Amino acid sequence: MVWYDGSMTNQEIAKIFRNVAAAYAIIDEKKHYFQMLAYQKAADVIQNSASQMDDLVKNGELTGFSGIGSGLKEHIEELIKKGKSSHLDSILSKVPASVFPLLEIPSIGPKKAYKLVTALKLNDPKKVIDQLEEKAKEGKITKLETFGEKSQSDILRAIEEFRKGAGKTTRMLLPMAFEISQQLITYLKKSPHVVEVNTMGSLRRRSPTVGDLDIAVATKNKDAVLDYFTKYPNKMRVIEKGTNTSSIITSSGTQVDLMTVPVENYGNLIQHFTGGKHHNVHLREVALRKGFSISEYGAKHKIKGKEEILKFTDEKKVYETLGMEYIPPELREDRGEIELALAHKLPKLIEEKDIKGDFHIHTSYPIEPSHDMGLNSMQEMLDKAKSLKYEYLAFSDHNPSQSQHTKEQVFNILKRRREKIEQLKKSNKSVRVISMLEVDILPNGKLAIDDKCFEYLDAVIVSIHSVFKMDKEKMTERIIKGLSHPKAKILAHPTGRLLGKRAGYEINLDKIIEFAKKNKKALEINAWPERSDLPDDLIKKVVEAGVMLTIDTDSHAKDHMDLMKYGVWQARRGFATKHDILNAKSYNEVAEFLEIK
DNA sequence: GCCGTTTTCGGCCCGACTGTTTTCAGTCG
């Protein structure tokens, strides 16, 4: 088999699919409406998948994705094998190529893009955005049918915002979204007209990255609330203000959508806007089968020809009405939660209060490490652990650098460190101390410390910190070899991804899961927001396989230990219960798992 | 083009807001 060796990323495939959907909308939206939806849904599924389509196709594992049937599967396979697909190309070639770059500009969709490109003769896909800007500045857009002064100035501003990086696809990390929303909620609560306020959307689902912020307000006076909202001091500008909703851009460049609703259907509103798009579509299909049409205003229901609308202040009632269990926000991504809720078989998800310790803690202990060390002393980290009511804490500094020390020096550093830890054990009775280390797995699969060093360690975390570009199977072998040391118990940040910076290295997770299960190893959910690693859909796989997970903060300072909640949310998104998480277990169980003597 | 508690055909979620319109098209979530 000859493979196209340019290797196509999920992002690229998703973009092609979105372009096909746009082409269908332009060619004849009515005729191709459902193909269009299908391509859009598939694009979302591909983009949000933690597994690379490229890998799945090469291993013949492209199955089980809702929204990717036999037709689209073939197109994906062709894209990956040949770098293009004749069927998709024939659809794309029906519209001018200059249409597609314009789709990245907020407020420009397929129809407008097509009108602009054809009416203004913008024929160069590489320069189309610049050319459009020129035409707008020359006042040519107002002259087009269905465009006016406002559309022209809107286009100019949208291009400007796009250039600043505020395109349709830019997303921020969860902590930033969380912080901005907290400030806004504090502001909103000061208004006497605000009865209830909550976040919705991907922020409430605790998605590791968030695009826009969605906020719900229950009120008796929506005009007053909308007015108050648009006067938010930390705003750049108001995007829109309607009778029920309004959107602003904050000074940090984040779009915030506010929806108001009377108290009686507040539950319907937050249910409607919390679920991911596919969760909502799926849920409304289930509702239709049960005779309900649900929206943010309530559940419409026909009884003896008469229509009634059921309104709920509590969103739990929406699920109850449909005969389902309540689905926690973190699960509302259409990854099987609807079926489980219908069957009343949803797992009881892990909670922050279940966490009893943290295995991945870096300190300022002078270990002369291969990577960055922590800011705070071991004692300071222990004090923080005490304030979090932890039962145990493991110090997992990076191993001393190999290049700058002899084996003997490393041995002596670890010996002294162990003595220090033994002292701390005596002076800190309320938190059990575990002596660990985060050890690099070298490219050849060996660990970056000499074997005799292990006598000073209860167990080690192993991880990849160099030579990321490796063949998938070789990387998998490397990891498994590293993990097979009897004292290696936890694989840290298993995919190595950094959100917004780099995709992870490629691994065969199934093989690692199999090895971990057989050899009693744990995989880490790294709570560091930029990592959020394992990704949620892979956590789900690990949970289904019955392999142990840990949730660790990878703290390099005492305040980082507060990031635990992000790891717990991530675990919840992966359907994990407290039984799946090692650091939700007692010290004795942990000691048994880690084989601490 | 997908999919199945009406299963291999015939359906496919629901609504707000804006701008350019006199009743709607386009975009967005």
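Values in this document were obtained by computation on a predicted structure and should not be read as measured data.

Turning next to the overall build of chain A. Helices and strands together make up the secondary structure of chain A, namely 23 helices and 18 strands. In summary, chain A has a C-alpha radius of gyration of 27 Å against a globular reference of 25 Å for 597 residues, a match within 12%. Projecting the C-alpha coordinates of chain A onto the three principal axes gives extents of approximately 80 × 60 × 50 Å. Counting every position in chain A, which comprises 597 residues, the buried fraction comes to 53%. Within chain A, residue pairs in contact and separated by at least 24 positions form 68% of the contacts whose partners lie at least 6 positions apart. Of the roughly 27600 Å² that chain A leaves accessible, carbon and sulfur atoms contribute 51%.

Inspection of the secondary structure assignment puts Ile-525 in strand E17 (residues 522–526). Residue Ile-525 is classed as buried on the basis of its relative accessible area, which comes to 0%. As for Ile-525 and Leu-491, which are separated by 34 residues in sequence, their C-alpha atoms are 9.3 Å apart. Apart from the residues lying within four places of it in its own chain, the contact partners of Ile-525 are Asp-533, Leu-534, Ile-539, Leu-549, Thr-550, Ile-551, Asp-552, Gly-567, Gln-570, Ala-571 and Ile-581.

By size, the foremost hydrophobic cluster in this structure holds 63 residues, and its most contacted members are Leu-393, Phe-395, Leu-523, Leu-549 and Ile-581. For this core, the element with the highest residue contribution is helix H18 (residues 407–427), accounting for 6 residues. Discounting residues that sit within four places of it in the chain, Ile-581 has contacts with Ile-350, Ile-355, Ile-525, Met-548, Leu-549, Ile-551, Ala-571 and Ala-576. Listed in part, the 52 residues of the second largest apolar core include Tyr-24, Ile-91, Leu-102 and Ile-155.

Two aromatic rings, taken as a pair, are described by how far apart their centres are and by the angle between their planes. Applying the stated criterion across every chain yields a total of 12 aromatic pairs. Taken together, a centroid distance of 4.2 Å and an interplanar angle of 5 degrees make the contact between Tyr-187 and Tyr-228 stacked. One end of the pair, Tyr-187, is in helix H10 (residues 174–189); the other, Tyr-228, is in helix H12 (residues 222–230), with 41 residues separating them in the sequence. Look at Tyr-566 and Trp-569: their rings are 5.2 Å apart centre to centre, the planes differ by 85 degrees, and that puts the pair in the edge-to-face class. Linking Tyr-566 with Trp-569, this pair stays in helix H22 (residues 564–573), spanning 3 residues, or about one helical turn.

Okay, the sheet that holds strand E5 (residues 235–241) next. Read across the sheet, 5 strands follow the order E2-E4-E7-E6-E5 without closing on themselves; strand pairing throughout is mixed. Only two strands of the sheet have a single neighbouring strand rather than two, namely strand E2 (194–200) and E5. The mean angle between the axes of side-by-side strands here comes to 20 degrees, regardless of whether they run parallel or antiparallel. Here E2 pairs with strand E4 (residues 213–219) via 6 bridges, running antiparallel. Its bridge partner being in E4, Asn-198 is matched across the sheet by Ala-216.

Looking at DNA strand B, there are 46 residues lining it, with Gly-67, Gly-148, Lys-150, Ser-151 and Arg-284 nearest. In DNA strand B, atoms within 4 Å of the protein come from the sugar-phosphate backbone in 80% of cases. Here a phosphate oxygen of DNA strand B and a backbone polar atom of Gly-69 are 2.8 Å apart. Contact distances for DNA strand B include 2.6 Å between a phosphate oxygen and a backbone N or O atom of Gly-109. By residue number, the principal contributor to the surface near DNA strand B is helix H14 (residues 277–289), which donates 5 residues. Its residues placed into classes, the surface near DNA strand B shows 13 nonpolar, 18 polar and 15 charged.

This part takes up the side chain of His-405. When you line up the elements, His-405 lands in the loop between strand E12 (392–395) and H18. Leave out the neighbours within four places in its chain, and His-405 touches Glu-368, Pro-400, Val-410 and Ile-413.

In this section: the sheet that holds strand E14 (residues 438–440). Within the open sheet, the 5 strands sit side by side as E14-E15-E16-E17-E18. Their pairing is parallel. On the outer flanks of this sheet lie E14 and strand E18 (549–552), each paired with one strand and no other. Going across the sheet, the axis of each strand differs from the next one's by a mean of 40 degrees, ignoring polarity. The sheet contact formed by E14 and strand E15 (residues 460–463) spans 3 bridges and is parallel. Bridge assignment links Glu-438 to a residue of E15, and that residue is Ile-461. On the sheet, helix H19 (residues 472–483) packs against E15 and strand E16 (488–491) and is oriented at approximately 140 degrees with respect to E16. On the sheet, H22 packs against E17 and E18 and is oriented at approximately 150 degrees with respect to E18.

By domain assignment, chain A separates into domain 1 (10–92), domain 2 (99–163), domain 3 (172–261), domain 4 (266–342) and domain 5 (352–594). For domain 1 versus domain 4, the distance between C-alpha centres works out to 29 Å.

Calculation notes
Residues numbered from 1 in each chain as written. Chains lettered and ligands numbered in written order. Predicted model: local features only at pLDDT ≥ 70, side-chain atom pairs only at ≥ 80, totals over all residues. Heavy atoms only, no water. Helix = DSSP H or I, 4+ residues; strand = E, 2+ residues; numbered from the N terminus. Rg over C-alpha atoms; globule rule 2.2 N^0.38 Å. Buried < 20%, exposed > 50% of the residue type's maximum accessible area, 1.4 Å probe, protein only. Contact = heavy atoms within 4.5 Å. Areas by Shrake-Rupley, 256 points an atom, 1.4 Å probe, with all protein chains shown as cover. Core = buried A, V, L, I, M, F, W, Y, C linked by side-chain atoms within 4.5 Å. Phe/Tyr/Trp six-rings, centres within 6.5 Å; stacked < 30°, edge-to-face > 60°. Pairing = 2+ DSSP bridges. Axes fitted to C-alpha atoms, helices over the stretch in contact; angles between N-to-C directions. Near = heavy atom within 4 Å. Polar contact = N/O pair within 3.5 Å; in protein donor to acceptor, adjacent residues only side chain to side chain. Nonpolar A, V, L, I, M, F, W, Y, C, P; charged D, E, K, R; others polar. Domains from an automatic or database assignment.

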